[in-house]
Amino acid sequence: MEQEMITKIERPVHGKGGFQSLIRKLQKNLDGDFLEIDSNDLERINRYATCYGKGGFEEQLFLLILPSNNEIPSD
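Residues numbered from 1 in each chain as written. Predicted model: local features only at pLDDT ≥ 70, side-chain atom pairs only at ≥ 80, totals over all residues. Heavy atoms only, no water.

Visitor: Any details on the overall build of the protein chain? Residues and values, ideally.
Guide: In terms of regular secondary structure, the protein chain is built from four helices and two strands. When the helices and strands of the protein chain are listed from N to C terminus, the series reads α-α-β-β-α-α. Across the 75 residues of the protein chain, 28% fall into the buried class. About 5300 Å² of surface is accessible on the protein chain, with carbon and sulfur atoms providing 49% of the total. (Helix = DSSP H or I, 4+ residues; strand = E, 2+ residues; numbered from the N terminus. Buried < 20%, exposed > 50% of the residue type's maximum accessible area, 1.4 Å probe, protein only. Areas by Shrake-Rupley, 256 points an atom, 1.4 Å probe, with all protein chains shown as cover.)

Visitor: Which residues make up the pattern of salt bridges, and what values go with them?
Guide: Using the criterion set out here, one finds three salt bridges in the structure. Across the pair Asp41 and Lys25 runs a salt bridge whose closest N-O atoms are separated by 2.7 Å. Of the two residues, Asp41 sits in helix α3 (residues 39–50) while Lys25 sits in helix α2 (residues 18–29), which places them 16 residues apart along the sequence. Where salt bridges share partners, they join Lys25, Asp38 and Asp41 into one cluster. (Salt bridge = Lys/Arg side-chain N within 4 Å of Asp/Glu carboxyl O.)

Visitor: Any details on the side chain of Asp41? Residues and values, ideally.
Guide: On the basis of relative accessibility, which here comes to 2%, the residue Asp41 falls in the buried class. With sequence-adjacent residues up to four places away left out, Asp41 is seen in contact with Lys25, Asn29 and Glu36. (Contact = heavy atoms within 4.5 Å.)

Visitor: I'd like to hear about the nonpolar core, residue by residue, with values.
Guide: Residues Met5, Ile6, Ile9, Phe19, Leu22, Ile23, Leu26, Leu30, Leu35, Ile37, Ile45 and Tyr48 constitute the largest nonpolar core, which totals 12 residues. Looking at this core, the elements with two or more residues in it are α1 (3–10), α2 and α3. A per-element tally of this core places α2 first, with four residues. Leave out the neighbours within four places in its chain, and Ile6 touches Met1, Leu30, Gly32 and Asp33. (Core = buried A, V, L, I, M, F, W, Y, C linked by side-chain atoms within 4.5 Å.)

Visitor: Describe α3, listing the residues and the values that go with them.
Guide: Over its 12 residues, α3 runs 16 Å from end to end, which matches the ideal 16 Å to within 8%, given 1.5 Å per residue. Those residues of α3 that sit buried are Asp41, Arg44, Ile45, Tyr48 and Ala49. Along α3, the residues classed as buried sweep out an arc of 130° about the axis, all on the same side. Sitting at the head of α3, Asp38 places a side-chain oxygen 3.0 Å from the backbone nitrogen of Asn40. (Expected span 1.5 Å × (residues − 1). Arc of directions from axis to C-beta. Polar contact = N/O pair within 3.5 Å; in protein donor to acceptor, adjacent residues only side chain to side chain.)

Spelled out as structure tokens, the structure:
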């Protein structure tokens, strides 16, 4: 994972909404430069990246859903 995205994920989170809970979960699942996500996380990332207006970090989430070398476990 790119250092720029790691830095964004590690920023303090304020508030208690769904987006904030997603970022907190990503923070919890971040281990160095490896981010563990499951299919539910991927669906939420996709929804926030594509369905809720343009914003600073929402647009950056799109980078997480691009094809990569990440393995996504099947449920």
